[in-house]
Protein chains: 2
Amino acid sequence: MTPHPAPRPEPPAQERGRRRRASLLKAAVALLAEGGFAAVTHRAVAHRARLPLAATTYYFASRDQLLAEAFAELVEAELDTTRDWITRHGLPALADHVAAADRARQLGLWELYVHAGRDPVLQQIARRWTDGCVRIVADVLDVPASDPRARLLYTAVSALWLEHLVEQRPLSQARALLTLALDLTLDHAGPTTAEETS
Amino acid sequence: MTPHPAPRPEPPAQERGRRRRASLLKAAVALLAEGGFAAVTHRAVAHRARLPLAATTYYFASRDQLLAEAFAELVEAELDTTRDWITRHGLPALADHVAAADRARQLGLWELYVHAGRDPVLQQIARRWTDGCVRIVADVLDVPASDPRARLLYTAVSALWLEHLVEQRPLSQARALLTLALDLTLDHAGPTTAEETS
DNA sequence: GGCGAAGTGGTACGGGTGTACCGATTTTAC
DNA sequence: GTAAAATCGGTACACCCGTACCACTTCGCC
């Protein structure tokens, strides 16, 4: 029978349903960006999407699932933006991108990233974020994605970025460190003991 | 006057009070380390310290203050541990330290670090953490703390560390990247040739 | 047309939260 | 000693949470 135990089977299958679901997800992403993690409650999401409370439980099996999908969406959007920006302006100007970015949004992203350390589902998404960023750096450096220099450079840049985000030190400092990181990485154009390639 | 509006004036002034307060703080730190952020509730802290619920509001003006003090304590302890370990085993072996560290505790620390981006009080503590770590790296590199190489190296290492913590990639990868980071940094103008023990 | 499934939304439940309250007890000051 | 101040601790309040429930409407399809 299943009159309405309907936790959530598959994609909504009806047009309006799909729109509603997407709308909830968008609201969740926005809340995540603004207030981080704790701000994404069923009630807040539903209210923001101008939908009744029950819609959230109808389209998402649980808060965790909602959060995971929102995280994935946020990561994907972030990767697109970053790739676009870097290929347009180049690596050394990255500091300006960071400076211009929406701080609350970035904080929310990192918040979820750390939280991914305690949740396997989120961990997978976190990995995709890192891999995506490494890929971007490798592409713009014109080296294979497996080149450890690309990976290290991304790592350094991401930490610079997080540090700037959290501690809000003068931008000039981040800029100088970014330049230094690029110098060190590119100077070392040599063979770079790449042990594994595959 | 003030029969008992007593939000919390100053240090407890009575011996037992000071002990109780410290005990609460210790419990908060432990909870922070284990379950992160959300686990630090008045009730959980009081229960863990074997004190009545009201003790938490008596000794701390608010949950935020309790959290801030716990964060400060955690950071201070972490700095001590790290300095100790590095001066004893050297930078290249850092990967082993990370591998051996208590994962939940580190995650809690980073969780609070990111959260510091939204709270000025915590931000100050976050800065002290970074400064402390930079200082440690600078000391062991035998360069002034203001040397951008020290700062950059710390930044790279911290990101490597966070990435490892969250994404749980094979340790060998982190180790390789750490070595590369050290190479790049020291090559540039390094006064020392660190012995390599692979 | 009809009928079962999908979707909808108002409401309720059980639980956890931060914090205030306030009588009882201990400590300190004189 | 005694009174005032500090401390204690049990309890209560108001709020917010995730989620379940269930009567209702709308849709897809034969």
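Notes on the structure follow. Counting restarts for each chain, with residues numbered from 1 along the sequence as it is written. As a convention, the first chain written is A and the first ligand written is 1, with the rest following in written order. Owing to the predicted nature of the model, reporting of local features is limited to residues with pLDDT of at least 70; listing and counting of side-chain atom pairs is limited to 80 or more, with chain, interface and lining totals taken over all residues. Only heavy atoms go into the side-chain values, all of them from the structure, while hydrogens and water stay out.

**Remarks on unusual backbone geometry**
Residues and elements named next belong to chain B.
Right, so step 1: A positive phi angle, near 55 degrees, is found at Arg-50, a position not held by glycine.
Right, so step 2: A run of H or I in DSSP becomes a helix once it reaches four residues, and a run of E becomes a strand once it reaches two; helices and strands are each numbered from the N terminus. By secondary structure assignment, the location of Arg-50 is in the loop between helix H2 (42–48) and helix H3 (54–59).
Right, so step 3: Classification of Arg-50 as exposed rests on a relative accessible area of 76%.
Right, so step 4: The phi angle at Gln-168 is positive, at roughly 50 degrees, despite the residue not being glycine.
Right, so step 5: Counting through the fold element by element, Gln-168 comes out in the loop between helix H8 (148–167) and helix H9 (171–189).
Right, so step 6: Take Gln-168: its relative accessible area is 40%, and that puts it in the partly exposed class. For the exposure calls, accessible area comes from a 1.4 Å probe over protein chains only, and a residue counts as buried if that area is under 20% of its type's maximum, exposed if over 50%, partly exposed in between.

**A closer look at the pattern of salt bridges**
Right, so step 1: Any Lys or Arg side-chain nitrogen found within 4 Å of a carboxyl oxygen on Asp or Glu counts as a salt bridge. Considering all chains together, one arrives at 24 salt bridges over all chains under this definition.
Right, so step 2: With a shortest N-O distance of 3.0 Å, Arg149(B) and Asp147(B) are connected by a salt bridge. Like Arg149(B), the residue Asp147(B) is buried in the burial classification.
Right, so step 3: Overlapping salt bridges, with partners in common, bring together Asp131(A), Glu167(B) and Arg169(B) in one network.

**Details of the relation of the copies chain A and chain B**
Right, so step 1: In superposing the copies, a least-squares fit is computed on C-alpha atoms, taking residues whose pLDDT is at least 70 in both. The two copies are related by a screw motion: chain A maps onto chain B through a turn of 179 degrees and a shift of 0.1 Å along the axis, at an RMSD of 0.2 Å. Taken together, the rotation and translation relating the two chain copies correspond to the operation of a two-fold axis. Of the C-alpha atoms belonging to chain A, the one lying closest to the rotation axis is found on Ala156(A), 2.2 Å away.
Right, so step 2: Here a residue-residue contact requires only that any non-hydrogen atoms of the pair lie within 4.5 Å. Taken as a fraction of all interface residues of chain A, those also at the interface in chain B reach 98%, which identifies the copy contact as same-surface.

**Focus on helix H8 (residues 148–167) of chain A**
All names here are of chain A.
Right, so step 1: Expected span, for any helix, means 1.5 Å times one less than how many residues it has. Taking 1.5 Å as the rise per residue, H8 with 20 residues should run 28 Å; its terminal C-alpha atoms sit 28 Å apart, in good agreement.
Right, so step 2: Counting buried residues along H8, 20 of its 20 residues qualify, which places the element largely inside the surrounding structure.
Right, so step 3: Where H8 terminates, the next one or two residues include Gln-168, which has phi positive at roughly 55 degrees.

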